[in-house]
Every structure is written in structure tokens, then in C-alpha cells.
Protein chains: 2
Amino acid sequence: MRAAGSALVTFAGREGGAVAARLGESLLAVARHAGVEVTATCGERGRCRSCRVKILEGQVPPATLQDEIQLGRDGVREHFRLACLTKVIGNCSVMVAPPRSEAGHQILGGGAWTGAEATPLDSGVEKHVVTAKAASGSSDPTSDAEAIAAALGETRHCDFPLDILRRIPSVLRADGGILTVTTFNGEVIDIEPGDTSSRKFGVAFDIGTTTVVGTLIDLSTGEQLASVRAMNPQAIYGGDVLSRIAYAQFDEKKLARLRASVLKTVNDLITEACREAGVAGAEIYKAAIVGNTCMHHIFLGIDPSNVGLAPYNPVVRSPLVAAAAQVLLKAAPRAIVCLLPIVAGFVGADTVAAVLATRLHESDACRLLVDIGTNGEIVLAVKGRLVACSAPAGPTFEGGQVQHGMRAAVGAIEGVDLDDDVSCRVIGDAPAIGICGSGLIDAAARLRDAGFIDASGMMGLPEGNRLSLRLKARFRERAEGSEVVLVGAAGSGNGEDITVTQGDVRQLQLAKAAIHAGIMALKAVMGISNSDLQEVVLAGGFGNYLNVESAIRIGLLPALPAEKISYVGNAALTGAQLALVSEQARNEALAIAQRIDHVELADHPQFEEHFVAALSFAVNDRRELGEEAVCTA
Amino acid sequence: MRAAGSALVTFAGREGGAVAARLGESLLAVARHAGVEVTATCGERGRCRSCRVKILEGQVPPATLQDEIQLGRDGVREHFRLACLTKVIGNCSVMVAPPRSEAGHQILGGGAWTGAEATPLDSGVEKHVVTAKAASGSSDPTSDAEAIAAALGETRHCDFPLDILRRIPSVLRADGGILTVTTFNGEVIDIEPGDTSSRKFGVAFDIGTTTVVGTLIDLSTGEQLASVRAMNPQAIYGGDVLSRIAYAQFDEKKLARLRASVLKTVNDLITEACREAGVAGAEIYKAAIVGNTCMHHIFLGIDPSNVGLAPYNPVVRSPLVAAAAQVLLKAAPRAIVCLLPIVAGFVGADTVAAVLATRLHESDACRLLVDIGTNGEIVLAVKGRLVACSAPAGPTFEGGQVQHGMRAAVGAIEGVDLDDDVSCRVIGDAPAIGICGSGLIDAAARLRDAGFIDASGMMGLPEGNRLSLRLKARFRERAEGSEVVLVGAAGSGNGEDITVTQGDVRQLQLAKAAIHAGIMALKAVMGISNSDLQEVVLAGGFGNYLNVESAIRIGLLPALPAEKISYVGNAALTGAQLALVSEQARNEALAIAQRIDHVELADHPQFEEHFVAALSFAVNDRRELGEEAVCTA
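All residue numbers refer to positions counted from 1 along the written sequence of the respective chain. All chains are assigned letters beginning at A, and all ligands numbers beginning at 1, according to the order in which they are written. Under the rules for a predicted model, residues below a pLDDT of 70 receive no local features and side-chain atom pairs below 80 are neither given nor counted, while totals for whole chains, interfaces and linings still include all residues.

This next bit is on the relation of the copies chain A and chain B. The superposition of copies rests on a least-squares fit of C-alpha positions from residues with pLDDT of 70 or more in both. Superposition record for chain A on chain B: RMSD 0.1 Å, screw rotation 180°, translation along axis 0.1 Å. Those values place the two copies in the arrangement expected of a two-fold rotation axis. Among all residues of chain A, the one whose C-alpha sits closest to the rotation axis is glutamine 326 of chain A, at a distance of 5.4 Å. Mapped onto chain B, 100% of the interface residues of chain A are again interface residues, and the two copies thus contact each other with one and the same surface. Any two residues are considered in contact once their C-beta atoms, placed from the backbone, lie within 7 Å.

All names here are of chain A. Labels follow a simple rule on C-beta atoms placed from the backbone: if 20 or more others lie within 10 Å of a residue's own, it is buried; if 12 or fewer, it is exposed; otherwise it is partly exposed. Think of it this way: any DSSP run of H or I at least four residues long counts as a helix, any run of E at least two long counts as a strand, and we number them from the N terminus. Burial along strand β5 (residues 92–96) is one-sided: Cys92, Val94 and Val96 are buried, and none of Ser93 and Met95, which face the opposite way, are. When strand β1 (residues 6–11) meets β5, the two strands line up parallel, connected through three bridges. Among the inter-strand pairings, valine 9 is bridged to a residue of β5, identified as cysteine 92. Think of it this way: DSSP has to see at least two bridges between two strands before they count as a pair. The sheet contact formed by strand β3 (residues 52–58) and β5 spans five bridges and is antiparallel. Bridge pairing links isoleucine 55 to valine 94 in β5.

Turning our attention to the packing of helix α6 (residues 241–248) of chain A against helix α7 (residues 252–277) of chain A. Residues and elements named next belong to chain A. Look at α6 against α7: their axes get within 7 Å of each other, and the N-to-C directions meet at 130°. With respect to α7, the axis of α6 lies oblique. Within the contact between the two elements, α6 uses Arg244, Tyr247 and Ala248 and α7 uses Lys254, Leu255 and Leu258. Of the residues assigned to the contact of α6 with α7, the class counts are four nonpolar, no polar and two charged. Angular values range over 0 to 180 degrees, each being the angle between N-to-C directions of two axes fitted as lines to C-alpha atoms, with helices fitted over their stretch in contact. Angular relationships are summarised with four words: roughly parallel below 35 degrees, roughly antiparallel beyond 145, roughly perpendicular across 65 to 115, and oblique for the angles in between. Each residue gets one of three labels, nonpolar for Ala, Val, Leu, Ile, Met, Phe, Trp, Tyr, Cys and Pro, charged for Asp, Glu, Lys and Arg, and polar for the others, Gly among them.

The next point concerns the interface of chain A and chain B. Listed as interface residues are 39 residues of chain A and, on the opposing side, 39 residues of chain B. Those elements that provide at least two residues to the side of chain A that touches chain B are α4 (144–152), α5 (162–174) and β13 (320–323) of chain A. By residue class, the composition of the side of chain A that touches chain B is 19 nonpolar, 13 polar and seven charged.

Moving on to the sheet that holds strand β23 (residues 498–501) of chain B. Residue and element names in this part refer to chain B. A sheet is described by the order of its strands in space; here three strands give the open sequence β21-β22-β23, paired in antiparallel fashion. In this open sheet, the two edge strands, each paired with only one partner strand, are β21 (475–478) and β23. Between one strand axis and the next, the sheet turns by 35° as a mean value, whatever way the strands run. On the sheet, helix α13 (residues 502–526) packs against β22 (481–487) and β23 and is oriented at approximately 60° with respect to β23.

Residue and element names in this part refer to chain A. Segmentation of chain A into domains returns domain 1 (6–96), domain 2 (124–193), domain 3 (201–349), domain 4 (353–395 + 515–621) and domain 5 (396–507). If you average the C-alpha positions of domain 2 and of domain 3, the two centres end up 32 Å apart. With eight residues of domain 2 at the interface, the matching set in domain 3 holds eight residues. Those elements that provide at least two residues to the side of domain 2 that touches domain 3 are β7 (178–184) and β8 (187–193). In terms of residue class, the side of domain 2 that touches domain 3 is built from four nonpolar, two polar and two charged. Annotation comment: domain bounds sourced from an automatic or database domain assignment.

Turning to the pairing of strand β8 (residues 187–193) of chain B, a few remarks are in order. Residues and elements named next belong to chain B. Among the seven residues in β8, five count as buried, and that is most of the element. Sheet analysis places strand β7 (residues 178–184) next to β8, joined by six bridges and oriented antiparallel. Pairing of threonine 183 across the sheet is with valine 188, part of β8.

Where strands meet in a sheet, backbone hydrogen bonds hold them as pairs that are either parallel or antiparallel. Residues and elements named next belong to chain A. An order of β21-β22-β23 is seen for the three strands of this open sheet, with the pairing classed as antiparallel. Strand pairing shows two members of the sheet lacking a second neighbour, β21 (475–478) and β23 (498–501), which therefore form its edges. For this sheet the average axis-to-axis angle between neighbouring strands, irrespective of direction, equals 35°. The pairing of strand β22 (residues 481–487) with β23 spans four bridges and is classified as antiparallel. When the sheet's bridge partners are listed, glutamate 483 is paired in β23 with threonine 501. In the packing of helix α13 (residues 502–526) onto the sheet, contacts are made with β22 and β23, and the angle to β23 comes to roughly 60°.

Further remarks concern the nonpolar core. Joined through C-beta atoms within 7 Å, a set of buried Ala, Val, Leu, Ile, Met, Phe, Trp, Tyr and Cys residues constitutes a nonpolar core. With 402 residues, the main nonpolar core has Ala287 and Ala576 of chain A together with Ala287 and Ala576 of chain B as its most contacted residues. With near-sequence residues (within four places) excluded, alanine 287 of chain B lies in contact with Gly202, Val203, Phe205, Ala324, Leu329, Ala331, Ala335, Val337 and Cys338 of chain B.

What you tend to see is this: most non-glycine residues have negative phi, and most peptide bonds are trans. Residue proline 311 of chain A follows alanine 310 of chain A across a cis peptide bond; omega there is 5°. Mapped onto the elements, proline 311 of chain A comes out in the loop between α8 (293–300) and β13. A positive phi is found at leucine 328 of chain B, a non-glycine position, where the angle reads about 65°. Tracing the sequence through the fold places leucine 328 of chain B in the loop between α9 (324–327) and β14 (336–339). One non-glycine residue, arginine 359 of chain B, lies in positive phi territory at about 55°. With respect to the helices and strands, the residue arginine 359 of chain B is situated in the loop between α10 (349–358) and β15 (366–372).

And the structure:
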């Protein structure tokens, strides 16, 4: 029996049979209630195809315009639908597109960590081994706490927090009075029986929109003991920060769900790192955590709703310190969890950490830091002055909203060459199953070289006989727009043609124009030109696989000699590690955050102009915006 | 079916039928497992009769020596047993003595509270009403937290704790930016929408071994809004501190049980006070709590095991401050819970508070403070110098270990007169059901006057014809010892004779000798005599009903003119109230605790001598110990 106004929905592969759904409820909601994981990268807005499902049997809901745009007419005809927008109209049986597997994903860890040599070790965590005797005579009445304080050489009334006090009677009597008191900047945070002075550890984490990376470090030596990484499980609720905020906006339960999912990931990673290094969670006394403003707020359980609304203000920018027990981090209960400071709603603690790691703030040179993620954070340093902006690149560089897009994982096309035909480099030398950001940039650059794409981004078959027939055969006109087949169905890993579509190129244009225009805006604020730039530092998970020349060719990066562009890995994590092992570095992070002037691109008078100009693939062919353009295509 | 080695025990009046018990298990343990409340005032040591049960049917376990001592041969013959020591030997049906009812108990609240006039109001709790606007333009990126800090007039990076930060986004936008920030000594402890500046409250509590008393106070005016009191529910696990410690010693689960029971009582009392005064729990921002060392430790979840072992050291003596959420107190989550400092294992925060309330530390006069409870805390001030001791009086003054003893509640004999016959004053003018401490002291004094008790405490029928026949008829010799019937079975409220027994007189001697010898010891330490004493201040729940002349007659208090002895009520609670409304007073409490020299009676060279001398009812008939005794009996 089912109630009027309801229907039964069966999910292929799910055990337990059909589930009840209300008529009009979205298939995505029905799936999630039933415990079926469906990725919705765009935040349930019909702007990507990650949540696509196929109606196998029963009543097929009518297709929406977004279904046609994202899935094509063929897809719609084959009963593919976007689960986020498709409403249940009656009983049906549904197959969900496989969720993006985490296996094999190449997530970037920290940069080469040389903390042990380069950084003074002043984590603030100190272990004091003392011998304190519980009083046995009664001539001078005292207390257990005072016996320990006296052994520590403290004469003032000592401050043991209540949870530590509760452990004092047993610890004091456990090991003949030998015990170890752990302090952070002088405050008691732990007490253990015996001499444990050789065991003090810390973790550093960069919580990104897409990935979470961390390291376990010995605070006595600065040595990195383990490096761990995972996808951010919140990704199924929205691929970029704005989608993530939209999902949880003004909804405490959804915020709690996002928080719990990332907390579980971080704690699982700590467990994994501890296992690898032979360390107990209770031996972790400090954590340094960075992330963009939204990830920072969600991790702490702070509502990020207003970060998603103009003027995009964070709830708090100052550096925060909390006890591990308070934020539910797997560590000693009073371990110090340090969140680095924030500059603005879209220039977060990760950017501050990246500046700290690259020492951009110290340089007299004119240097540019570009961290290309779903938001591209850009910092320009000119003689010690720092300006920053956030360019909304969207998930394109991470494979989002791209027809065959995927993260840089096994099976992803990461590089493309064109001569008589197309040849692709695939991560893991596996059959291709999709294309990642660096592959898309490479493909766009080569297709533009070959004439398949003009300066405006329009795809077409080049005229004349310059091209081989095989190459020409890869071009197709379809109802949804033109496309070029990179790998045919016969050679791919999933039996589909892997293509670059007109839509993909448009997405790429929007993404790279955002970054380029952001760089232009900062240069304009500082009054410098490309020739003043002495170095471009690329950071973030993306830069690892990037062909710098292709990036310049399509106008993502400024037109500089390739040798001026360097890649520093995950600088945000490196910065977190610095703050972990050095309180001086952590204090420096605050000074950096206070020194960075934030440029809100939406308010910048010329941003719109820069952005429109940067949409062109020929943007780097002119020397500077405003100078005479020298178009080559 | 029941397992071998087990038996079925039925408790009269309990629903649900028989419960399974292991052979050899104590009846007390079986009862508690079955949810039947049984009071065990002496801590399951066979030293009182509070846990007596009657075996109605089935196998009657053999009587122990303690059964005979506590219950008498008649009682044993009638199948009364002490549940704590009686082991199950087979199926049986049992009637438990009714647990001591809490109804009608006269628990002493604070002394007359004149805080509003006498004490400067500086509770440390301040409410700041500000108008803070969430930024609407984007010219100067800031954060919600900074908007509030700016409105507060703070320029530095403001410290909002994480749980407060979580509430900032909604509070800032709830009431047009009008909000109230509550601080304690400058630290932010709450944030609420709108102007709530007129609502700030606090609670003061004295957690005693037997009773818990508290008041709700308006921190803006100092006005007392409600006064609440309850029995300490831990009493069923042991009537005095040592029994309570013995119950939970080195047993975390039992400690947790004790803690939970007193916490529930305190929170229920807060709820009751709030209801009475029309205050919400979340409007309570400060609590000042006192209690003896054991109650203090248990309330905080600190193991008091070692307080019960020589040299009786506390785990901590310094004043403690914790958030309400941390100690699970019903109040605003960050309300400041202040525990006053401790002097020694048996001179606790309640004594410090009593000194604070009586200003003993400020006096140039020679003054004595006596707080008669299960432990008698005694403080002697001589020209600003303070010495204190704790005299183990035991529960006698509160009716414990007295044949017909009970607390000062409705039905308790609180005063006794002798002329031709005995006449009793009964609390509530009800038929007598027992005798409380003041009644016992009065009875002993009058019985000694009439010659029923000699100086050594031996009971007997006075020789000669001075006494009326009715009076003489009240004296009985029984196998268990002599006794005097105060109220016959026909006139009593429970159909039993209410008597004073030889055993009761012995208990009274032990109790009053402890107090007297404690006073002697402090006088000896200070080198003063009774004639130097300008005032004796009586405090605590006991003093309210005490006939001072009787107390002097039996040698409980020093032989001073009655006008030099004053009663100040529950000075410990008054002290807690002072610390609640005044940070200056709270700081003074620390200074007091540090100034009090603790005298450990067990170490005092003459204590044993004093104690033996003080056992005599004629101790006050000599002028000073060591001078020639002038015995009158």
C-alpha cells in the first residue's frame, strides 16, 4: 500500500527494493533519502551533468531545457535525465550514473617539505617531565595540583583546566610520581604518567573544495611522518564553493551534514596517518588547518550562508584557536587546533598560507601567485605591498561542467598533441575515460593552433588542405554543437567517444577569462605591466600537470617567458605546515592577512572590460590590454 | 527458571514481582539493582540502622553482631536486619524501612541576605547593547565579528569563542543589528539579538553533605529572587563525607553516580528557582558554588578518593572557574561557574565562604566560628590571624546513628523540658516520630540536670525521691542498655516509643567531644583562653534550633555567657552570594583561603587528651583544661 500522491522508485543496484517517494519530489532527493549517493557538482542547479540518471522502466518524466542542454537530444531520447531537476511523476526504475570514484585520483599533497631544515622549531608545544610526589605527611596541607606545580617550578597558583584536574589524582600516583606535563605557550594541555617527552606530534591540513590533504609531523624534529589525502566528500553536494553554500544556505541540518562529512574525512585521514607512522591520536597536540573561507567556516560549524551573498563577508577573519575536543578533531582533547586567518569571503586562510609558504610578502621583486582551483586566488606582490583577488573560475579546470570532464585521475587525458592525427597522454597510461583540466587546456591550445578553434572560441572545420583527412574526420557537427573526437569509442575505457565540445570550449573561455581578468585587475591596481613581473608562482592541485606554454597560448596565464613561471605544489598545505611547526610563522600569517589588500573584482571599474577581452583566445597576442591588438587568428 | 547459586527476592510495595539475586549478595545491593531506594547513612559499614529491613517470608539470614548492636535482640528476633551486611541465602520477601522522606524537612537557607545594600555590585557580568550592521557594501572587506567588535568599540582583534561565533550571523541579522553582548571580566560569554540588558542573573549554592541550598539573584540589583533547598540525594550512599568517599573510592562508575545525583538536584533547584522568579536558565551568567572539599570534588567530577586517605589532601585547592556547559550546570552555556577555594581536605570552600560572610578575617577581636555539620568546621580569628580545623562530629547532630534520630523536620522533637514529667516541643506541632540534634542536646542537658545521666554519660535511675513517679516510670533498663521514653507509643506519630538510649548518649558524647576538643586545640595553638573570646559565631543548618544553654551545659560549646554566642544562619551560602555579586569578594575569598592556617587535629599533640576530657558532660564545669576540675555531678 502506498499513500495517494506517492510513487515507488527502484534504484538499480540498490538492495532492499523500491522506496516510496512523493510525487513532485526530485529524483536526487529520493535517491539521497534512500542512501544512494548521487554527485551534484553544480549544487542542484541543472548546470552540469554529474547527477544524470537513466529511467529504465516506468513513467519517464518530461525532459527540461537543462536536460537537453546538458545531456543532448540523444541523451534525452535515451531517457537520461538530470536527477536534480527531474520530478517523480509515477512509479519508475532508475539507474544512477556511477559516482565519481575516489580510487586512483591523483590528489596533490604538500610541496617538498623541508621544514626540518628551513624553519625554527617553535611549535609552542612543550613537554615537561617532572617528579612530583603526592604528599604523605600532613604538616603542610597542600594539594595534588600544587605538588605538580611545585615540581614544574611554578610558585603562582597554577591553572589546570578541569578535565586535566580530573586526571591528576591517578596520574600523580601511577608511575612513582614521574609524569609529563604538556603545555602550549605555557598553558597546560595534557598530563600523562611517565616520561613521554619524545612523543609530540602535529597535523597540518588544507581543506579544499575538492580535496583534503594533510601531513603528520613530529614536532620535536620537524620531520614529516605521513602524507594523506582524500576527496572532499561534500563534493556530491556541490562542486564549487557557491554551490556548496547554496546547498546549505540557511539550513542548519544541511550545514551539519556538510560539517560532519568533512570532519569524518579529516579524522579518517588522521587515523590513517597515525597508523602509517605508529603514532596515537592522543599524541597529537597541535593542528594547523587552512582552507578557503567557506571550507573554514563549515569545518568549524560556522554558517557560511552570508559568504554566498554580497558583499560576501566572512563571519570571522581573525585566526582562531580551539581545543580539539571542541571541534571534534581526533587528537589529544586539549590539542590546539589553529585556523589561519582569512582575508575576505573568497580569499581565505589557504591563500594566506600560500603567501606564507612562498614568502611573497618578503620579496622586493614583483611576483604573482596564482592558485588555480574552483576559485582562482591571485596575489600580486610589488615591493612588499600585497593585493589579492578571487577569480570565480568554476569547476572547469577540475573537470566540472565539461562533457567528458574528470579530475586528474587514472584514465584522464592530461595532454594532447596534434600532427597527422590526435595523440593523447592519459594518466596511468590507461584507456581514456575522460579529460582533465590540463588536458582540456592542451587540447584547446592545439585545436586553436590547427585552426579548429578561432580567437572567439568558435569551433569549425579549418578551410584548405593543411590538415590530414584523419584529423578532419575527428570534427563533427551535431545538433548540440560542434565537437572534436580525441579518443574514439573503440579506444576509450568506457565505450564512449571522448570529445571536446563547443560547450567545453565556452566553459574553458569563461574559466580562463576569470583568471586572466583577475590578474589584469591586480596589475592595474598596482600600476604594473607584464614586463615588470619577475616571477609567476603557480600553486594548487592543478598546476602539477599543466603545460605552461598551452596555458599562455590560450590566455590563462600572462605572456611571459616560460622560465619565469614556476610551480610550487600545494603551497597552502606548506604554509599550514609552517604554522604547525613554528609559532613565529603562525604569527606571521596574521601579519600577512592584515597586510593583504583585497580587490573585489565585481567592484573593479575595468573588470568587466578585462573579462570580455580575456574571453578571446587571442588575448595574449596583444601586448597589453589597451595597446593595439595583434591578432593572429 | 533461575540459575544455580541464585535466589528470588521480593520487595514489599515494589511492582513487577520478585527479582533475581546471587546467593551471598547483600540485600542492599539487590534492592538498589531493583531500583528500590535504601538509605545507608554510614556507607554500608553496619554502623547505623538506616538501611534496616524486615524479612517477611522465606529464608531469614542469620543475624550479625552489628544487627544485634544496631537493632537490638528484639529487633533481630522480629527478623529485622541491616540490609548492608545481610547476605541472601535463599528466596525471601523483604520490607524496606521507609526511606527518609524529603517532605517537610526544614532545610536552612542562607542567612538574611542584605547583599543589595551591603555589597558593591561588581559581579563581573556586563551586558553591552550595541547596534552593529552587517556590511552591505564591499568597499572595505570586513567580517560579522569585526562589525560587532567595532560597535563595541574594540579596535584589537576581538576574541569570540567558537560557540559564540557560530551564533553571530543570525544574531547580527535578527533585530536590525541591535544586539546584546554579555561579558565576564571582559571576555565574551554570550550574544543575543535585541536589547536584553535588564536580564542578568546568577545563582549561589552551598552543596552540603546532607542538604543543598541555593538562591537566585538579580545581578543588576543584588536582589534575591528565589531561595531553594533540597536534600543531597547522595545521602543514601553514606551520611557523612567519609562514608560518601568510601562508597565511591577508586570506582569511576560510582563517582559518576554521585556526581550525576547532585548535579540533577542542583539543576532541578535552578529550574525551580527560575520558575518561581520568571527567569530563563539561559539568563543565568554566573554561579558561585561552595561546599566541603568532598562535595566540591564530586560536583566537578574530580576523584575524592585521596581526600579520604591520610594526609587527606585535596586534588586542587585554588579557586576554579569553568563554563556551565563544561560542568553541565543549567545556565547560559558559557556562564561562569566559580568554585571558591579550599583550605584542606576537611576545611573546604564552605568554610572559606563562611569566613567571608562573617568577616572573621577583618576583625581585630578574638572570634570563633563554629559550623556544626557532619564535620564541624571551626575557625578561630585572633587579631587577624586565622586558624581552622575540622572536627569529625559524625551524623549524630543530624539524627544519624541515633536510635530514633531524624533531621530537623516535621515530627522531630527539637526541644525537651523536664519537671513532673517530660514535655517535648515537636517541629510542626505534629505527633513526634523521632528526635533531631537540638532535641537530643536538650534532652541530654535536662536528663543530666535531673540526674538520669552522670558526668561520664552513664544512664541510670536517680536515687532519692526528688523525681516524680511519672518521670521515674520513663526510665527503662533493657538488654541493649538503659533508655528514657520521651514520647510513648500511644502519643507518637508512628506507634513506637520515642526514646533516648544509652547508645544515643554515647554517640552524642563522641560528637560533642570532637567539636569541643577542636575548639580547645585552636585555642591552644593561638594561646588564648575562654576569657579572651569575645564572640562565638554559630553557623550552619544546625544552629537554628539549638538551645545555646543546653549546648554549653553538655559541653558542646565553650562556657561563655549566652549573649556572646550569636547565630548567623547558613554563612557558607551567604559567602557564596557575596562572591556571586562581587568579584572583589570572590578575590577576597582566595586571600582568606591563603591566610587560614590549617590545624590537623590528628597531628595536634594534645588533641587526644582534649578529646578524652571533652567526652565528660562536666567538661565546662572546670574553667580550663589543665586547671582544677570543679565537677558538679
